[in-house]
Amino acid sequence: MAGGGTTVSSGSFIDGDNPLSDNLSLFLIQLLIIITLSRVLAAGLQYLRQPPVIAEVIGGLILGPTALSSIPAFKDNVFPPASLPRLKLVADFGLVLYLFLVGMELDPVKVMKDFKKSASVSIAGIVMPFGLGVAVSKLIYDLYGDPKVPFTSFFVFCGVAMSITAFPVLARILASRKLMNTTVGQATLASAATDDAIAWCLLVLVVALINNPNNSINALYVFLIVVAYGIFLWVAIRPFLQWLVARSSKESGVSQLNVTILFLMLCASAWFTQAVGVHAIFGGFLMGLITPHEHGFAIAITEKLEDLVMILLLPLYFAYSGLNTRLQSLDDGTAWGIVVLVIVVACGGKIVGCSAAARLGGLPARESLTVGFLMNTKGLVELIVLNLGLQGGVITQKIFSIFVIMALVTTFMTVPIVSFIYP
C-alpha cells in the first residue's frame, strides 16, 4: 500500500494481474522474442552461407502483420499498437549507434587514397542503377505513389534505393569468404566505401526533400547545413579527438574519460542532425567518420559496442520494420510484376555497371563479374533508406513492401553466386 491507501499494481501473475500490462515487462518479452527468433533463424541460414541480416529481416516479417501479427491475440498482447512508439525509440537509438559503427569502418583517409583505383567502379555503381531507378520510378509512382508527394522527391529516392551498397554487410561477406586480401576483395571494398560515401550524401538530400516537400530551397539549405557541419567536424572536432587519443594512449590506452567525451559528442551530433531536419542517424554516421583510427582507438570502441548493438539493439529495428511491412498488400499480378521489374533493374544496374567498369579497369572477366555481384549487396542500409522513405511519407506501404523484397533477394543471392563464380 502506498501513502493514502493507494495500491500499486506490480503486474504480478501471482496477484492475478496480466504481467504484460506492465510496460517494462512487455518490453522485455518483446526483446526476448525478437532476439531469440533472429538468432534461431541466423543459425539455420548460416548453412546457406547467409549473413545475419537476412535472418533479422525475415524475423521482422514473421513477427509483423505478414504473419504472426495478423493473429489478433498475438498482436494485442505481445505487440499492441501502444507499445510500438517505445520499441521504435529504442530501435532508433540502436540505429544511431550502428551508423556510428558503420562510420568508423569507413576510414575517410583510406577512402580518399583508394579513390583513383575505385572511382570508375564506384561511379558506375551509382550512376547506372540511379539512372535505371529514375527511369522506372515514373511507372511505380503512377501505379502506387501518393499524388501528394512531389515526383522529384520520389524519383531521387528511387534512384538512391536502387544504387546503394551495404558496405558493412559486404565487408562481413568478404571476411567470411576469405576474400578480404584478394584483388577482388580490395577492389570491391574500396569501391563500396566510395559508393556508400556518395550514396549517404544523396540520402541526406533525399531526406531534406522529404521533410521539405513544397520548398526545394529549404531542402537545399538543410543539405548545405549538414555538409557544412560535416566539414566542421572534420576540421575542428577530429583534431581535438586525435590529440585526446594521443595524449591518453601514452598513459592508459582507451580511458573512460575518452569514451565519455566521444559518446557525449555522438549524442550531441545525433541531436543536431535530428534538429536540423534530416535524421539522428546522420549525426551518428558523421561522428563515426571522424573518430580517430590511430592507436587502435576506433577498433577499441568497436569492440566495446559491437556485440551490444548487433545482438541486442539492431534486431529491434528489423522487428519494428517488419511490424510495418504488409506483404499481403501485394495482392495482384501487377504488383508482383513490379517486384520482378525492380529486382531486375536493381541487379542489372549494379552488376552490369560495376562489372563493366572493373573489366575496363583491367580485371579479368571472372573477377569483374564477382565485383559486380558483390557490389549488388543491399542488406541493412537499404532497409534504413526504405524506412526513412516510409516514415517521411515519400513511399506508400505497397512500394515499401516491393523494395523490401528486392533488398532481400539481392542480398540473399550474393554469397551463393559469388561462391559459384569465384570459389
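Residues numbered from 1 in each chain as written. Predicted model: local features only at pLDDT ≥ 70, side-chain atom pairs only at ≥ 80, totals over all residues. Heavy atoms only, no water.

One pass over the structure, following the stated rule, counts eight aromatic pairs. Ring geometry for Tyr229 and Phe272: centres 4.5 Å apart, planes at 35°, overall tilted. Highlighted residues: Tyr229 in helix 10 (residues 216-249) and Phe272 in helix 11 (residues 256-276), separated in sequence by 43 residues. By relative accessible area, which is 12% here, Tyr229 ends up buried. (Phe/Tyr/Trp six-rings, centres within 6.5 Å; stacked < 30°, edge-to-face > 60°. Helix = DSSP H or I, 4+ residues; strand = E, 2+ residues; numbered from the N terminus. Buried < 20%, exposed > 50% of the residue type's maximum accessible area, 1.4 Å probe, protein only.)

We now examine the pattern of salt bridges. For the coordinates displayed, the defined rule picks out four salt bridges. Where Asp331 meets Lys398, a salt bridge forms, and the shortest distance between an N and an O atom there is 3.6 Å. Residue Asp331 is located in the loop between helix 13 (297-323) and helix 14 (333-360), and its partner Lys398 is located in helix 17 (residues 397-421); the two are separated by 67 residues in the primary sequence. A relative accessible area of 57% means that Asp331 is categorised as exposed. (Salt bridge = Lys/Arg side-chain N within 4 Å of Asp/Glu carboxyl O.)

For helix 13, built from 27 residues, the straight-helix expectation of 39 Å at 1.5 Å per residue is met to within 8% by its first-to-last C-alpha distance of 37 Å. Roughly 45° is the biggest bend found in helix 13, and it falls at Val309. (Expected span 1.5 Å × (residues − 1). Bend = angle between axes of the 7 residues up to and from the residue.)

Looking now at the confidence of the model for the protein. Residues at a pLDDT of 70 or more form 93% of the protein, whose mean pLDDT is 84. Confidence drops under a pLDDT of 50 for residues 1-9, and excluding neighbours within four residues, the segment shows four contacts in the predicted structure. (pLDDT = per-residue confidence, 0-100. Contact = heavy atoms within 4.5 Å.)

This paragraph deals with the environment of Val344. Tracing the sequence through the fold places Val344 in helix 14. Along the sequence, Val344 and Pro292 sit 52 residues apart, while their C-alpha atoms lie 40 Å from each other.

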